Each structure stands twice: as C-alpha cells, then as structure tokens.
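# Geometric and topological summary
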Amino acid sequence: MARRVAIVNNKGGVGKTTTTVRLAEGLAKEGKRVLVVDMDPQGNASSMLGWFYDPQQEQQPTISQAIKANTEGAARGVIQPIGWDAPYADRIALAPARLTLENRMAEAGVSGAWRRLVTALEGADDGYDYTLMDCPPSVFHLTQLALAAADDVVIVTEADIYAIEAAERVRDFVTTRAPKDLANPTLTIRGVVINALTNTAVQAEQRDSARRIFGDLVWDPIIKHRTVLAEAGTDALPLTDPRNAEPRASFELLTASFLKAVPAE
C-alpha cells in the first residue's frame, strides 16, 4: 500500500496545490510512483497536471464518483495518466476532481461518510509508493476524508500571520480531534512547508515566527516567490524549462526533505 500524505492548510492561496504537484514531480524524478488525489473541488491540481474536464463527457471519472460509490477500491476506476510530456510523467497518476466534488459535502452527516475515501482507495493505490492528497482550504468534510485516509500530514503555509494561524488550526485538529473523530490515532504531522517567500522585513519576521511555532517540523528549503513557478502551473507544465532552474532546484531539495521525513514503506 502507498504511504498516504494529506497536504493541508485551513487557508487558501498558500500554495498547497503547487507544493503537491511539485513534490509529485520531484518524487517521480527520484523513481517513485506517485498517485495524486485531488480533493479540492476547484480541481487545480488536476489542471496543473494536464487533466481538463471535457463537458462533452458527462461520465468522465473523478474522485467524487469513487467516494460516492462507497465500495472498496472504487478509486481504481478513476485513476488516469497525467498530461505532461516529461520522461518521468508515467510515474505520476491522477485521481482528478472537478466542481461536482462539492456534492460530497452534503453527505457529511451520513453515518460513516468520513471513511468513504479510505474505502475508495483500498487496494487502488497498492502499486504506488506515495499517494499525495491535495486538500481544500478547510478542515471540513472533504479534508477530513483525506485525513481519515492519510498516514501523514504536510502543512503548507506562507510567511503570513493569517496563513500561520490557519496552519496552527490544522495542527490542533490533527493532534486533538483526528485520533478520536476520524479514528486515526497514528496520523502524524511530518513537516511544514513555507511557500512563496518574498524579500521583505515583514515576511522575514513571519518566517521566523513560523520556525518558533513549528520548530524542527519546518522543512528546508523555504520556497521563494517566483513568477515562473506560477506560470508553469497555469500552463500545466513540468519544471523542465531552463527558466525554471531555480524553483526546480528548490523543489528537488524539498523532495529530499520529504523523503527523509516520510520514507516509503
């Protein structure tokens, strides 16, 4: 079975999706087989990996259908190749999302609904080293589905007071509520990624604050703000262009931190 990692923050716009996709890329370059499960109805991870919803195909499979099915291994039927042209792209697979994933929110009150992703993934990700789950900016039902299924958590934040406070809320949820509410007592926070750092005094102060709060959980390197990184995501491209040399190197180093903290079983 793959080692399952939920990538989370309670605030949007902090780079969770970019981190998920670029860690998947870095892991694939290291020879690891990676499944990306897009748990955000915006579907940005799916788009960044080169998957696009075709309105002419109403039955186009997504993770929403696998969760709704509530049958063991249902995710196997929605896993698809990604759309990148890169030598390592065949080591990344995707369980995509689109807006219909929001429909699963209405099932939050159904008995046992929080286990439906666990059920859907059962046996479906056995052929992968890692399953990375890109979560929406909340700790509500869709994120709880991922946390119930996960072995580990990586929190992504920016050097911003509101993002750091949201990261603390995730930490508190994982450490105090997940063991009982999600029946996942071994769920562990493995790292905190600081993303999109700019060269300002305020950001430096907040970076240092994050290090004080989270201590050794903060991974190196801190990812700097780079326009080319955002452009590669928007264009659904891997970081193979020479213009992306700096962010590519940063995520390769971050991948090394990931592998050290979250070794494949």
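Only a predicted model underlies this, so the values are computations on that prediction, with no experimental measurement involved.

Calculation criteria
Residues numbered from 1 in each chain as written. Predicted model: local features only at pLDDT ≥ 70, side-chain atom pairs only at ≥ 80, totals over all residues. Heavy atoms only, no water. Buried < 20%, exposed > 50% of the residue type's maximum accessible area, 1.4 Å probe, protein only. Helix = DSSP H or I, 4+ residues; strand = E, 2+ residues; numbered from the N terminus. Pairing = 2+ DSSP bridges. Phe/Tyr/Trp six-rings, centres within 6.5 Å; stacked < 30°, edge-to-face > 60°. Contact = heavy atoms within 4.5 Å. Axes fitted to C-alpha atoms, helices over the stretch in contact; angles between N-to-C directions. Salt bridge = Lys/Arg side-chain N within 4 Å of Asp/Glu carboxyl O. Parallel < 35°, antiparallel > 145°, perpendicular 65-115°, else oblique. Nonpolar A, V, L, I, M, F, W, Y, C, P; charged D, E, K, R; others polar. Core = buried A, V, L, I, M, F, W, Y, C linked by side-chain atoms within 4.5 Å.

## Considering the pairing of strand S1 (residues 3-8)
- Counting buried positions over the 6 residues of S1 gives 6, a clear majority of the element.
- Burial along S1 is two-sided: the face carrying Arg3, Val5 and Ile7 and the face carrying Arg4, Ala6 and Val8 are both buried.
- Sheet analysis places S1 next to strand S5 (residues 130-134), joined by 5 bridges and oriented parallel. Note on S5: the bridge partner recorded for arginine 4 is threonine 131.

## Some words on the packing of aromatic side chains
- Within the structure shown, the criterion is met by 2 aromatic pairs.
- Measuring from ring centre to ring centre gives 6.0 Å for tryptophan 219 and phenylalanine 258, while their planes differ by 80 degrees; the resulting arrangement is edge-to-face. Taken together, the positions of tryptophan 219 in the loop between helix H7 (201-214) and helix H8 (227-234) and phenylalanine 258 in helix H9 (residues 245-261) put the pair 39 residues apart, joining distant regions of the chain.
- The class of phenylalanine 258 is buried, set by a relative accessible area of 0%.
- Among the aromatic residues, ring-to-ring pairing joins Tyr130, Trp219 and Phe258 into one connected group.

## What about the sheet that holds strand S4 (residues 92-95)?
- Reading across the sheet, the 7 strands line up as S3-S4-S2-S5-S1-S6-S7 and stay open at both edges, with mixed pairing between neighbours. Lying at the two open borders of the sheet, with one neighbouring strand each, are strand S3 (80-81) and strand S7 (188-195).
- In the sheet, S1 pairs with strand S6 (residues 152-158) via 4 bridges, with the strands oriented parallel. The residue bridging alanine 6 from the neighbouring strand is valine 153, located in S6.
- Across the sheet, helix H1 (residues 16-29) lies against S1, strand S2 (34-38), S4, S5, S6 and S7, angled at about 165 degrees from S5, the strand it touches most.

## With respect to the pattern of salt bridges
- Throughout the structure, instances matching the rule amount to 15 salt bridges.
- Where glutamate 231 meets arginine 243, a salt bridge forms, and the shortest distance between an N and an O atom there is 3.9 Å. With a gap of 12 residues between them, glutamate 231 in helix H8 and arginine 243 in the loop between H8 and H9 connect regions that are remote in the sequence.
- Each member of the salt-bridge network shares a partner with another, and the members are Arg3, Asp152 and Arg190.

## With respect to the packing of H1 against H9
- Across the interface, H1 lies against H9 with an axial gap of 9 Å and an inter-helix angle of 80 degrees. Between H1 and H9, the interaxial angle falls into the category roughly perpendicular. For the pair H1 and H9, contact is made by Thr18, Thr19, Arg22, Leu23, Gly26, Leu27 and Lys29 and by Arg248, Phe251, Glu252, Leu254, Thr255, Phe258 and Leu259, respectively.
- Taken together, the residues of the contact of H1 with H9 sort by class into 6 nonpolar, 4 polar and 4 charged.

## Quick look at the nonpolar core
- Membership of the largest hydrophobic core comes to 51 residues, with the highest contact counts inside it found for Met39, Ile63, Leu117, Met133 and Leu147.
- Dropping the residues within four chain positions of it, isoleucine 63 is found in contact with Val37, Asp38, Met39, Ala75, Val78, Ala95, Pro96, Ala97, Leu101 and Leu117.

Purely geometric stuff here, so don't read any function into it on its own.
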